[in-house]
Each structure stands twice: as structure tokens, then as C-alpha cells.
Amino acid sequence: MSIEKITLGYWSTKGLGSASRQMIIYAGAPLIAKIYRLIPKLENNSLIYDGSEWHEKDKIILKKKNSLINLPYLQFNEAGKEKIIAQSITCLTYLGKKFNMFGENSKEELDCNQFLQETVDLRNIVTRFAYTHFENEKDELNEASTVFNQVFEHSNAGKLQKFEHWLSKKNNSETKLFLIGNNISSPDFNLFDTLELYVEFLKYYKFVKNIISDNFFEQLGFPLVSKFFLNFKTLPKMQKYFDSILYKFPYTNKSAKFGSGKNGITWDHNKEIDSTPEEIIIE
Ligand SMILES: N[C@@H](CCC(=O)N[C@@H](CS)C(=O)NCC(=O)O)C(=O)O
């Protein structure tokens, strides 16, 4: 019996679609990545971002099937019926349950839910910053320092110390390190994807001295988060994603100040054209 294809619709960026794309590929299910582009355009001498590839086409059609339609969305067949769901965390929960990557019992399932929300909080701090356009560089660097402190400070107020503390309570003799139990689950993908965005941030704003080595989180005093991150990169089933064009996508969309272009820089609409295809199939 062939495995059903799963469609994941999202912009031509990693953003909120990336962790779901990774999960589908990891599970070995055929992925149809529907891609919508946000096109920067000059209108009356000011820059606007045209999202009509989504807003004026598929969104109108899919809204008839799901009033809550948004990006990302998942479209799949279940028991012969077509289903469409929106909300990134609902997509990750659905995929986790479908692929047995949502904990082994009810306690672990609750932990998966907690960690999905915790990873949302972690991601939101840098995303809010990324989409802010500052008056000047000084303001940008000040705010980057605030983000850095909020995430990396070691007091109980810091966001990342929660993950380090949680991992320190686990039995770390296992060579593989996951958030919940001994097996991979949905929040692992969301944490990994968010950590990659922070790596880009740390390098771009020079918060880490050694950018050659991959152990950024260890350099900042989070050895177990670092172990989790480095371990995730070596997982054999992740390699297909790393080899794909999806992994090369920028983190944020064209309208973002940080991460919309290569290596954290802002997308340069004068020089660059987004030629991402409408559909990327990974089988
Ligand atoms: N809470 C939602 C947020 C979704 C959202 O804000 N999507 C943005 C991209 S990150 C979008 O452009 N949506 C398309 C739309 O509003 O139609 C989720 O987690 O999926």
C-alpha cells in the first residue's frame, strides 16, 4: 500500500511551515510543498509586499473548505476524505499523532503539548524582532541585545534555560537526546528549527565568538541544548531535508528586516528575484 501524499502550503520561507515540512520528510511520507511567494513591489515610490499568489488564489478556494484557512495549512486524505487544517501547532500535533511522534503515553502527550507552546514562545521573541524595521542601527543593536538577554540569560527569566533545565532532569546517558522520552516527537522539530533561527541571529549580531564551530549553545553555557541541536543534525532521517531546497529557504519573509535574505541579511528587492517553484515534491 502506498503512503498517502501530504500537502503543506506555506510561503517560500522556513517560518512556521518548516517544522511540519521536516516531520513529513522525516516520516518518509511523500511531501507536496505548495509554495506562495510574497513579492516586493514599488507602488507610488513606496515598497509594498504583494501576497496575491496566496490571498487572491488558493486562499479563496480553500476558505470554502476551511473557514480558518491560513499559512501554513496541511491537506491530506483520511479514510477516503479530503481534510484541510490550519494553525502551525495543530499541524504539528496532527503529524505527531499520525506518525507516532507525540509521546508514548498520556503524560508524554501532555509534555508534547507543553513543549509545542514553549517552542512557540521561544520563536516569537526573535520573530517579532525580525519583522521590526528600526529607525537606525543603534536601535536595532539595542533591541538585538534585549532579545539576546531574554533568551540566553541564565536566571529563571531566561527562555533557553528552561530547556537546559528540563534536559538536565532526563537520563542523558542515551546517545540520542530528545525533549520527551527516548524518541523523537513533534516539539523536537519545532525546537530544532527555532534554534537554527537563533544560530543565524547569534552569528549575524556577533553574540558568539567562534562561528566556525557548531557548538553555539555550548559556548553560551547551554551544553545539553547544544547536544540536542548537534544530535538532531546527525539524524539519518533528517538528511533528506538538509539536502533539499527547502532547507535553503530564508527564515523570514520578504518584509522582514532580519533573516529574509541569505545569512540573516535583509532581502534586497533590487538585486534578488524569488524564483522558488510553485510546488516542490519530495518523495
Ligand atoms: N497562529 C498561526 C499564525 C499564522 C500566520 O500568521 N501566518 C502568516 C505567515 S507566518 C500568514 O501570512 N498567513 C496567511 C494569511 O493570513 O492568510 C499559526 O501558528 O499558524
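Residues numbered from 1 in each chain as written. Predicted model: local features only at pLDDT ≥ 70, side-chain atom pairs only at ≥ 80, totals over all residues. Heavy atoms only, no water.

Some words on the site of the ligand
Turning to step 1, where the next piece is worked out: The immediate surroundings of the ligand are formed by Y10, W11, L16, W54, H55, K59, N70, L71, P72, Q87 and S88.
Turning to step 2, where the next piece is worked out: In this structure, W11 approaches the ligand through a side-chain N or O atom, which is 2.9 Å from an oxygen atom.
Turning to step 3, where the next piece is worked out: Note that an oxygen atom of the ligand is positioned 2.6 Å from one of the side-chain N or O atoms of S88.
Turning to step 4, where the next piece is worked out: In the complex, the protein chains occlude 66% of the 510 Å² of accessible area that the ligand would expose alone.
Turning to step 5, where the next piece is worked out: When residues of the shell around the ligand are traced back to their parent elements, those giving at least two are β1 (6-11) and α2 (52-63).
Turning to step 6, where the next piece is worked out: Considering every element that reaches the shell around the ligand, the biggest residue donor is α2, with 3 residues. (Near = heavy atom within 4 Å. Polar contact = N/O pair within 3.5 Å; in protein donor to acceptor, adjacent residues only side chain to side chain. Areas by Shrake-Rupley, 256 points an atom, 1.4 Å probe, with all protein chains shown as cover. Helix = DSSP H or I, 4+ residues; strand = E, 2+ residues; numbered from the N terminus.)

Structural notes on the nonpolar core
Turning to step 1, where the next piece is worked out: Ranked by size, the top nonpolar core spans 83 residues in total, and within it L74, F152, L160, Y198, F201 and F217 carry the most contacts.
Turning to step 2, where the next piece is worked out: Per-element tally for this core: the top contributor is helix α7 (residues 186-204), with 9 residues.
Turning to step 3, where the next piece is worked out: Split by domain, the residues of this core number at least three in each of domain 1 (6-100 + 265-282) and domain 2 (106-241).
Turning to step 4, where the next piece is worked out: For L160, the residues in contact, after removing those within four places along its chain, are L122, V151, F152, L195, F217, F222 and V225. (Core = buried A, V, L, I, M, F, W, Y, C linked by side-chain atoms within 4.5 Å. Buried < 20%, exposed > 50% of the residue type's maximum accessible area, 1.4 Å probe, protein only. Domains from an automatic or database assignment. Contact = heavy atoms within 4.5 Å.)

Some words on the state of the cysteines
Turning to step 1, where the next piece is worked out: Counting across every chain of the model gives 0 disulfides.
Turning to step 2, where the next piece is worked out: Summary of cysteine pairing: C91 is not part of a disulfide, and the nearest cysteine sulfur, belonging to C112, is at 16 Å.
Turning to step 3, where the next piece is worked out: Residue C91 is classed as buried on the basis of its relative accessible area of 0%.
Turning to step 4, where the next piece is worked out: Residue class for C112 comes out buried when judged on its relative accessible area of 0%. (Disulfide = S-S within 2.5 Å.)

A word on the domain arrangement of the chain
Turning to step 1, where the next piece is worked out: In terms of domain boundaries, the chain breaks down into domain 1 (6-100 + 265-282) and domain 2 (106-241).
Turning to step 2, where the next piece is worked out: The distance between the C-alpha centroids of domain 1 and domain 2 comes to 23 Å.
Turning to step 3, where the next piece is worked out: Contact between domain 1 and domain 2 buries roughly 1700 Å² in total, counting both sides, with carbon and sulfur atoms accounting for 66%.
Turning to step 4, where the next piece is worked out: Considering only the surface of domain 1 that becomes buried against domain 2, Q22, Y26 and I89 emerge as the three largest contributors, covering 42% of it. (Buried area = accessible area lost by both parts, 1.4 Å probe.)

Details of the sheet that holds strand β2 (residues 31-36)
Turning to step 1, where the next piece is worked out: Reading across the sheet, the 5 strands line up as β6-β5-β1-β2-β7 and stay open at both edges, with mixed pairing between neighbours. The open sheet has two edge strands, β6 (81-86) and β7 (279-282), and neither has a second partner. Averaged over all adjacent pairs, the angle separating strand axes in this sheet is 20 degrees, with direction ignored.
Turning to step 2, where the next piece is worked out: Two elements, β1 and β2, share 6 bridges in a ladder whose sense is parallel. By the bridge assignment, W11 is partnered in β2 with Y36. (Pairing = 2+ DSSP bridges. Axes fitted to C-alpha atoms, helices over the stretch in contact; angles between N-to-C directions.)

A few points about the layout of surface pockets
Turning to step 1, where the next piece is worked out: Taken as a whole, the largest pocket encloses approximately 570 Å³ of empty space.
Turning to step 2, where the next piece is worked out: If you go around the largest pocket, you meet 28 residues; those closest to its centre are Y247, K248, F249, P250 and K262.
Turning to step 3, where the next piece is worked out: Among the elements of the structure, α7 and α9 (223-234) are those that each provide at least two residues to the lining of the largest pocket.
Turning to step 4, where the next piece is worked out: Per-element tally for the lining of the largest pocket: the top contributor is α7, with 4 residues.
Turning to step 5, where the next piece is worked out: In the lining of the largest pocket, the residues fall into 10 nonpolar, 7 polar and 11 charged.
Turning to step 6, where the next piece is worked out: Taken as a whole, the second largest pocket encloses approximately 260 Å³ of empty space.
Turning to step 7, where the next piece is worked out: Taken together, the elements giving at least two residues each to the lining of the second largest pocket come down to β1, α4 (106-130) and α7.
Turning to step 8, where the next piece is worked out: When residues in the lining of the second largest pocket are grouped by element, the largest group, 3 residues, is from α4.
Turning to step 9, where the next piece is worked out: The two domains that each donate at least three residues to the lining of the second largest pocket are domain 1 (6-100 + 265-282) and domain 2 (106-241). (1 Å grid on protein atoms, 1.4 Å probe; cavity = no way out; pocket = protein on both sides within 12 Å on 5 of 7 lines; lining within 4 Å. Points joined across faces, edges and corners; volume = space filled by probe spheres on them. Nonpolar A, V, L, I, M, F, W, Y, C, P; charged D, E, K, R; others polar.)

Looking at the packing of aromatic side chains
Turning to step 1, where the next piece is worked out: One pass over the full model with this rule turns up 32 aromatic pairs.
Turning to step 2, where the next piece is worked out: Where F115 meets W166, the ring centres are 4.7 Å apart and the plane angle is 70 degrees; that geometry is what we call edge-to-face. Linking F115 in helix α4 with W166 in helix α6 (residues 160-168), this pair joins segments that are 51 residues apart in sequence.
Turning to step 3, where the next piece is worked out: One residue, K254, lies across the ring of W267, its end atom 4.5 Å from the ring centre. (Phe/Tyr/Trp six-rings, centres within 6.5 Å; stacked < 30°, edge-to-face > 60°. Lys NZ or Arg CZ within 6 Å of the ring centre and 35° of its normal.)

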